[in-house]
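Breakdown of the fold
So the chains spell out like this:
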Amino acid sequence: MTLLEIRDIHTYYGKIHALKGISVTVDEGEIVTLIGGNGAGKTTTLNTISGITPAAEGQVILNGEDITSTRPHEIVMRGVVQSPEGRKVFTRLTVTENLEMGAFARSDVAGIKRDMDYVFDRFPRLLERRTQLGGTLSGGEQQMLAIGRALMGKPRILLLDEPSMGLAPMLVKQIFEVITYLNTENHTTILLVEQNARMALSIANRAYVLQSGAITHADSAEALQHDESIIEAYLGGH
Amino acid sequence: MTDSQSHDASPQPGTVDMITTSLLKNTLYNPLRLAGGLLIFLLVYVAVTNIASGNYTLEAFVRQSITGLAQGGIYALIALGYTLVYGILLMINFAHGEVFMAGAYVGFFAINAMEQSGMLADHTFLALLITLMVGVVASVTIALLLERIAYRPLRGAPRLVPLITAIGASITLQQLFLRLFGPDPRVYPRVNLYILPGIFKDLECAEVSGAQVCKGLDLIDGLYRVDVLGMNLRIRPVFFLVAFFAIVLMIALWFFVQRTKTGKAMRAVAEDKNAAALMGINVDRVIATTFVLGAALAGAGAVLFALYNQQVTPFMGFVPGIKAFTAAVLGGIGNIPGAMLGGFFLGIVESTGPALLGISSQLKDVIAFGLLVLILIFRPTGIFGEVLAEKKA
Amino acid sequence: MLRKIVLVMGVFAIAALGLSLVSAQDTMGSSVMVPPDGEIVIGVAAALSGEGLAPLGEDIVRGAQLANITRPTVKIGDVEFAVTLDPQDDTCAAEGGQAVANRYVSDERVVAVVGPMCSSACRAAGPIFDAAGYTSISPSCTAPDLTDGTFASFNRVVPTDAFQGVVDAEFVFNTLGLTRIATIHDGSPYGEGLVTVMAEAFIELGGEVVFQDAVNVGDTDFRALLDRVADADPELVFFVGFIAEGSRLASQRFDAGLDEVAFMGADGIFSPDFISTAGDAAEGVYVSSPTPSSEIYDAFVAAYVEEFGVEEPSGPYHANAADAYNVILNAIEAVGTVDDNGDLVIDRAALNEAIRATSDYEGLIGTITCEENGECASAAITIYQVVDGAFVLASETMQGE
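Predicted, not measured: the structure shown is a model, and the values here were computed from it. (Residues numbered from 1 in each chain as written. Chains lettered and ligands numbered in written order. Predicted model: local features only at pLDDT ≥ 70, side-chain atom pairs only at ≥ 80, totals over all residues. Heavy atoms only, no water.)

**Here's the deal with the overall build of chain A**
What counts here: Per the convention used, a helix needs a DSSP run of H or I reaching at least four residues, while a strand needs a run of E reaching at least two, with both numbered from the N terminus. We take the radius of gyration over the C-alpha atoms and set the globule estimate at 2.2 Å times the residue count to the 0.38 power. Residue exposure (1.4 Å probe, protein chains only): buried if accessible area is under 20% of the type maximum, exposed if over 50%, otherwise partly exposed. Any two residues whose heavy atoms approach within 4.5 Å are treated as being in contact. The Shrake-Rupley method, run with a 1.4 Å probe, gives the accessible areas here. Residue values count only the displayed protein chains as cover. Positive charges are assigned to Lys and Arg, negative charges to Asp and Glu, while His and the chain termini are left out of the count. All charge positions are set by atom: Lys at NZ, Arg at CZ, Asp at CG, Glu at CD.
When its secondary structure is counted, chain A shows 10 helices and 10 strands. Here the C-alpha atoms of chain A give a radius of gyration of 17 Å, agreeing with the 18 Å that 2.2 N^0.38 yields for 238 residues. If you line up chain A on its principal axes, its C-alpha atoms span 45 × 40 × 35 Å. For chain A, the proportion of its 238 residues judged to be buried stands at 53%. Long-range pairs, those at least 24 residues apart, make up 67% of the contacts in chain A between residues at least 6 apart in sequence. Split by element, the accessible area of chain A, about 10,100 Å² in all, is 50% carbon and sulfur. Taking the average location of the 22 positive side-chain charges in chain A and that of its 28 negative ones, the two points are 7 Å from each other.

This is the structure we're talking about:
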């Protein structure tokens, strides 16, 4: 069943035509990944879904409902939560406060408590540093916090933007384990944007390849992993 | 507040010398700082000479500090609004002085009506409470309209644009009130609010049908001679009331921002509006809340101010607004306790400075703004300014 | 390009110079001719626009209008000529004074001018009236140097700032018997000027000025300043400025413990607004003002109130304007002649001389006698005190020499 669908969206940054008619569907329970080079329009796609840079044309449909011009915080309340590129942890809020902000749209106190325990359980480092300011964490810890914070929003669909960026390989592996876990155990639908295409394709069900604001390939992750042109362009050859 | 600052706060022993040396070096080789340092030296020299020659007594200092405390409390209440809005939007709401004015002005109509109806005399405390609320509501309404009409549409614009708009809004509001209510000052009635007759047994006494009746301390209009440590002081309780209000409201505000969900959301929005929106925070509403909080403090301050200064005019907000802005910058703009301390500091310096230096009272503004320049030379982020703020900008 | 501009400007300058020479020659010793059915035109220059200025200018125009209603004609022998007023806006500024003066000198029918209103405007109008041989009487320009002989055409029926200060000093020292004063002004030329004159006169009388300072217009809290005043222990605080600062100082002086110290102001706070703003704190305050106190003046104010349908005059200079008008008419009657055609001929130079020869004219502001320099303000300064929320006389009106 289709959870999220974007239909032929066009998005502009001022006069720059960033997205030129992109269509993506994400089914319930899937991990879908968008891969592509710098400036291909991956982050813009996520921000258009989240309402930060609304589409000029086209539609974003969530569960059959048009959310194209819905405001960002309302989109979050409908279960579409984004963990933005560059982590965007609140540097002057403590770890706990950051997590609380993730749960801003919720009011089920018991549920929030349970989810926070879950995050601390998954990322014991965050528990150790729960009273520290976000700005004092290391890059890896910040990424854990960013993902933990997104989880606190109890998403139906999680939009992850470059979760592996700037992390050591060990950490990258750990982050991807968490993503897989979220998908399999929590049944969270995930739309993943990654430059580390090899890693992304290894855990995704399906994938889209973006180039200059348009989709060039769309197929199962399995198929794309073996597509010569993809290997050449995005998987760093053989 | 942050780790990056902690080394400033508690330098390890042995590094003190190093810091002093580098500070000295820094001062000697920077012409601006050198000039600033010389000026400070000169001011201190003049002040010390004045005190040594007996021209300036401790008694005078205490007396002037008490009036400065009240004025500083008013500055502080306005400065908190400047600092809140700046902290979140990096925008200087120059119309904030007019938000203050609106509170005092509309409060006048309430208290005047209650004076006419006799309610002010019969139920003084309730009447004052209503006046305060009316003032707060008026200020909040003006601030919300400002935010919605003048500032929100320009949120994406370069920072200079809302600044100019704010100045325009300031003038517009002044002229609007001038046209609506005329240039003549409105005069608050003198209010007697008697409290604690049990403690202040011998105050405000009068013969009532043969018996001696004492009403207690007159909190608003009272003026009492008090001898403390051989100093002959004249105390108006309302001055302490203003200072008390400023401190209590600052602490309440601080707790609000630190502890409540909305307060945390305000800090999140201050740091990154898009990231905050992605948390499900309604950024527009949080910004409006910020304006509401600042305006409420200004409105409360305005009514207090008018209760002991009586006169209310369409232009009354301008000078205090500028001074409060100075106070906010002194304290480190964006910093809540800093704004309050900056306000008190400015109020006291303004009232004691001219006499301490033996110069004309006309120069008190020169002292205020000169101080601002001096402090910014040595601490560009203000006394309590966060170093983090620089990174963000 | 630049050279061209300079050239053009040079040509204009030469032309202007030539014109002014020509016009000066043309009008020097000129006279006004009024046909039998014509009207004598008197200009009235005052500020008719501007926040806080228009009421004062309007007051001057009304004063002249009321005088014109009471005395609408000039009688030369058996022939009567009607007088009409031509009010113009001098904006209380140099540019306005210049514009107004140019307008009047270009209209040959204008016989003389009541005004301008402000010293800046008077100073700008002076040379233009001089060149055209015109004469004027200002009801309100008080700057002392206007009568130092620079302008042949300038006369005034208002005491110079120097006079009020001396009267104030004498009142405090002689009438109140006080010897220690503190002075405060508001930084305006008016405030600073009057305070300086008063303080000098007070010291000359043998008094002591124990504290001198100034306030900023727009400030709201003067308690620290008043505290310094209290430390100097004066017997009277003398303030010159306007209503807003004056009423705040009057109110806040109690917070500084100046209860027993007298408070005195000048014409800048002589207004019902001062009493309503300062409230109880206004009680006992002394105020000096050139506004006269006499039965004929009271009758004039009553007529003013009735004629213009107002509660009270909107400014202090209505009587001065009326007197200026009457002095001009007296002078016209003295020098005007009727020629064979029945035309009224007024020699402008003779008219100015006749004004300066005015002697013992009983005006609203007192007995008016003009001096050679155009100083006609044998006017009076009266000192009032606020009692039960109204200004009452505190001294006999002091006459200048």
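**Observations regarding the arrangement of the chains**
The pair of protein chains exhibiting the most contacts, out of two pairs of chains in contact, is chains B and C. A minimum C-alpha distance of 39 Å separates chain A and chain C, which share no contact.

**Digging into the pattern of salt bridges**
As a reminder of what qualifies: What counts as a salt bridge is simple: a side-chain nitrogen of Lys or Arg found within 4 Å of a carboxyl oxygen of Asp or Glu.
Inspection of the entire model under this criterion finds 35 salt bridges over all chains. Notably, a salt bridge pairs Asp117(A) with Lys113(A), separated by 3.0 Å at the nearest N-O pair. Here Asp117(A) pairs with Lys113(A), and both are found in helix H4 (residues 109-122), just four residues apart, close to one helical turn. Taking relative accessible area as the criterion, Lys113(A) reaches 52% and is therefore assigned exposed. Asp221(B) is the salt-bridge partner of Arg190(B), the closest N and O atoms lying 2.8 Å from each other. On the criterion of sequence distance, the pair formed by Arg190(B) in the loop between strand S1 (186-187) and strand S2 (194-195) and Asp221(B) in the loop between strand S5 (217-218) and strand S6 (224-228) is long-range, its members being 31 residues apart. Given the relative accessible area of 38%, Arg190(B) is considered partly exposed. Overlapping salt bridges bring together Arg190(B), Asp221(B), Arg236(B), Asp221(C), Arg223(C) and Asp255(C) as one network.

**So, the interface of chain B and chain C**
Test applied: The term buried area denotes the loss of accessible surface (1.4 Å probe radius) that occurs when two parts are joined, taken as the sum for both partners. Polar here means any residue outside two lists: the nonpolar Ala, Val, Leu, Ile, Met, Phe, Trp, Tyr, Cys and Pro, and the charged Asp, Glu, Lys and Arg; Gly therefore counts as polar.
Of the residues lining the interface, 32 residues belong to chain B; the matching set on chain C comes to 29 residues. Around 2,400 Å² of area is buried between chain B and chain C when both sides are counted, 39% of it from carbon and sulfur atoms. Of the charged contacts in the structure, one is a salt bridge between Arg63(B) and Asp231(C), with a shortest N-O distance of 2.6 Å. At the level of elements, helix H4 (58-89), helix H8 (160-181), helix H12 (283-309), helix H13 (318-331), helix H14 (336-357) and helix H15 (364-378) of chain B are the ones that each hand at least two residues to the side of chain B that touches chain C. Broken down by element, the residue count for the side of chain B that touches chain C peaks at five residues, all from H4(B). Of the residues in the side of chain B that touches chain C, the class split is 12 nonpolar, 11 polar and nine charged.

**Some details on the pairing of strand S6 (residues 80-83) of chain A**
Residue and element names in this part refer to chain A. This is how the line gets drawn: Whether two strands pair depends on DSSP finding at least two bridges between them.
The two faces of S6 match: Val80 and Gln82 on one face and Val81 and Ser83 on the other face are all buried. One ladder, built from four bridges, connects S6 with strand S7 (residues 157-161); its direction is parallel. Bridge pairing links Val80 to Ile157 in S7.

**Thoughts on the environment of Thr184(A)**
Residues and elements named next belong to chain A. In this fold, Thr184 is placed in helix H7 (residues 169-185). Overall, Thr184 belongs to the partly exposed group, its relative accessible area being 43%. Between the C-alpha atoms of Thr184 and Gly29, which are 155 residues apart in sequence, the distance is 8.1 Å.

**Notes on the side chain of Glu350(B)**
Residues and elements named next belong to chain B. If you trace the backbone, Glu350 turns up in helix H14. Judged by its relative accessible area of 3%, Glu350 is buried. Not counting residues within four places of it along the chain, the set of residues in contact with Glu350 comprises Tyr75, Lys323, Lys364, Asp365 and Ala368.

**What about the packing of aromatic side chains?**
Short version of the rule: When the centres of two rings from Phe, Tyr and Trp lie within 6.5 Å, Trp using its six-membered ring, the rings pair. Their planes under 30 degrees apart give stacked, over 60 give edge-to-face, and anything left gives tilted. A ring is scored as having a charge over it whenever the NZ atom of a lysine or the CZ atom of an arginine sits within 6 Å of its centre and within 35 degrees of its normal.
Enumeration over the complete set of coordinates arrives at 23 aromatic pairs over all chains. Look at Phe100(B) and Phe305(B): their rings are 5.7 Å apart centre to centre, the planes differ by 65°, and that puts the pair in the edge-to-face class. Of the two residues, Phe100(B) is situated in helix H5 (residues 96-117) and Phe305(B) in helix H12; the sequence distance between them amounts to 205 residues. The residues Phe100(B) and Phe305(B) share a single accessibility class, namely buried. A connected cluster of aromatic rings, assembled from ring pairs, spans Tyr105(B), Phe108(B), Phe109(B), Phe177(B), Phe181(B) and Tyr188(B). One residue, Arg122(A), lies across the ring of Tyr181(A), its end atom 4.5 Å from the ring centre. Directly above the aromatic system of Tyr134(C) lies the positively charged group of Arg348(C), at a separation of 3.9 Å from the ring centroid.

**Observations concerning the sheet that holds strand S10 (residues 214-220) of chain A**
Residue and element names in this part refer to chain A. Condition: Geometry is summarised by axes, namely lines fitted to C-alpha atoms with helices restricted to the contacting stretch, and by angles between N-to-C directions that run from 0 to 180 degrees.
On the basis of which strands lie adjacent, the open sheet formed by six strands has the order S6-S7-S8-S3-S9-S10 and mixed pairing. Two strands bound the open sheet, and with one partner strand each, they are S6 and S10. Across the sheet, the axes of successive neighbouring strands diverge by a mean angle of 15°, strand direction being ignored.

**Focus on the state of the cysteines**
Disulfide: a covalent bond connecting the sulfur atoms of a pair of cysteines. Residues and elements named next belong to chain C. The test is simple: Throughout, a disulfide means two cysteine sulfur atoms within 2.5 Å of one another.
Inspection of the entire model under this criterion finds two disulfides over all chains. Covalently, Cys122 is tied to Cys141 through a disulfide, its sulfur atoms 2.0 Å apart. On the sign convention where negative means left-handed, the S-S torsion of about 85° between Cys122 and Cys141 marks this disulfide as right-handed. In this pair, Cys122 is assigned in helix H4 (residues 119-132) and Cys141 in the loop between strand S6 (136-138) and strand S7 (154-156), connecting sequence segments 19 residues apart. Just as Cys122 is buried, Cys141 falls in that class too. Between the sulfur atoms of Cys370 and its disulfide mate Cys376 the distance is 2.0 Å. Between Cys370 and Cys376, the S-S torsion sits near 110°, and that sign places the bridge as right-handed. On the accessibility criterion, Cys376 (0% relative accessible area) is buried.

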